[in-house]
Structure formats: structure tokens, C-alpha cells
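Analysis of the macromolecular model
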Amino acid sequence: MVSLDKRELRLDGIVDADGEIPQDQKKYVNRVAEGAYLVRAVDGDDIPEVGDAL
């Protein structure tokens, strides 16, 4: 199980005011190093480039 701070996710509109993830919100997760992961919100069929996500 992974837990992300919903307050920070709310800043990007990934969760709504109630802290719920919209059903149509897709995520893409990459393991970038031991114990380090990059989570990106997918918009339509496009996965944001890493430079765009930072």
C-alpha cells in the first residue's frame, strides 16, 4: 500500500475537495531508483515527460 499526501495532490487537481480520486484519473508509476518512484497523472492518452512533471 502506498499513501500520498492528499493536500499536495489537491494542489494539482488530482484529488477533489473531499480527497477522492476521480474515477477517470489515471496514474503512471515509474521506479526511478531503489525506494524512489515517480508518479504522474495521465491526461487522456499522454503520459507527461519527466521534465514536464518536475
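Predicted model, so just to flag it, every value in this text is computed and none were measured.

How each quantity is defined
- Residues numbered from 1 in each chain as written.
- Predicted model: local features only at pLDDT ≥ 70, side-chain atom pairs only at ≥ 80, totals over all residues.
- Heavy atoms only, no water.
- UniProt positions renumbered as here; feature names shortened; annotations may be inferred.
- Helix = DSSP H or I, 4+ residues; strand = E, 2+ residues; numbered from the N terminus.
- Polar contact = N/O pair within 3.5 Å; in protein donor to acceptor, adjacent residues only side chain to side chain.
- 1 Å grid on protein atoms, 1.4 Å probe; cavity = no way out; pocket = protein on both sides within 12 Å on 5 of 7 lines; lining within 4 Å.
- Points joined across faces, edges and corners; volume = space filled by probe spheres on them.
- Patch = residues over 30% accessible without salt bridge, like charges linked within 9 Å, V, L, I, M, F, W, Y side chains within 5 Å.
- Areas by Shrake-Rupley, 256 points an atom, 1.4 Å probe, with all protein chains shown as cover.
- Salt bridge = Lys/Arg side-chain N within 4 Å of Asp/Glu carboxyl O.
- Buried < 20%, exposed > 50% of the residue type's maximum accessible area, 1.4 Å probe, protein only.
- Pairing = 2+ DSSP bridges.
- Contact = heavy atoms within 4.5 Å.

**Digging into the UniProt feature "domain: DUF8053" (unreviewed entry) in the protein chain**
This chain's UniProt record puts "domain: DUF8053" (unreviewed entry) on residues 2-43. Taken as a whole, residues 2-43 contains 14% helix and 36% strand, while its terminal C-alpha atoms sit 22 Å from one another.

**Digging into the environment of D16**
Relative to the helices and strands, D16 resides in the loop between α1 (6-11) and β1 (26-33). Between the alpha carbons of D16 and K6 there is a distance of 9.2 Å; along the sequence they are 10 residues apart. At 2.9 Å, the side chain of D16 forms a polar contact with the backbone nitrogen of E20.

**Quick word on the layout of surface pockets**
Remark: the empty space left among the atoms is shown by a probe the size of a water molecule rolled over them. When its volume is computed, the second largest pocket comes out at roughly 160 Å³. Forming the walls of the second largest pocket are V2, S3, L4, K6, L9, I14, V15, G19, I21, K27 and V39.

**Quick look at a nonpolar patch on the surface**
On the surface, V2, L4, V29, Y37 and V39 cluster together into a nonpolar patch covering about 500 Å² of accessible area. Tracing the chain through its elements places Y37 in strand β2 (residues 36-42). Given a relative accessible area of 51%, Y37 falls into the exposed group.

**Observations concerning the pairing of β1**
Here seven bridges tie β1 to β2, and the two strands are oriented antiparallel to one another. Looking across to β2, one finds that A33 is bridged to A36. Hairpin connection from β1 to β2: two residues lie between these consecutive antiparallel strands, with G35 at a positive phi of about 75°.

**Considering the environment of P48**
Relative to the helices and strands, P48 is located in the loop between β2 and α2 (50-53). Residues in contact with P48, not counting those within four places in the same chain, are R40, A41 and V42.

**As for the pattern of salt bridges**
Scanning all chains against the criterion turns up one salt bridge. For R7, the salt bridge goes to D5, with nearest N and O atoms at 3.0 Å. Judged by its relative accessible area of 60%, R7 falls in the exposed class.

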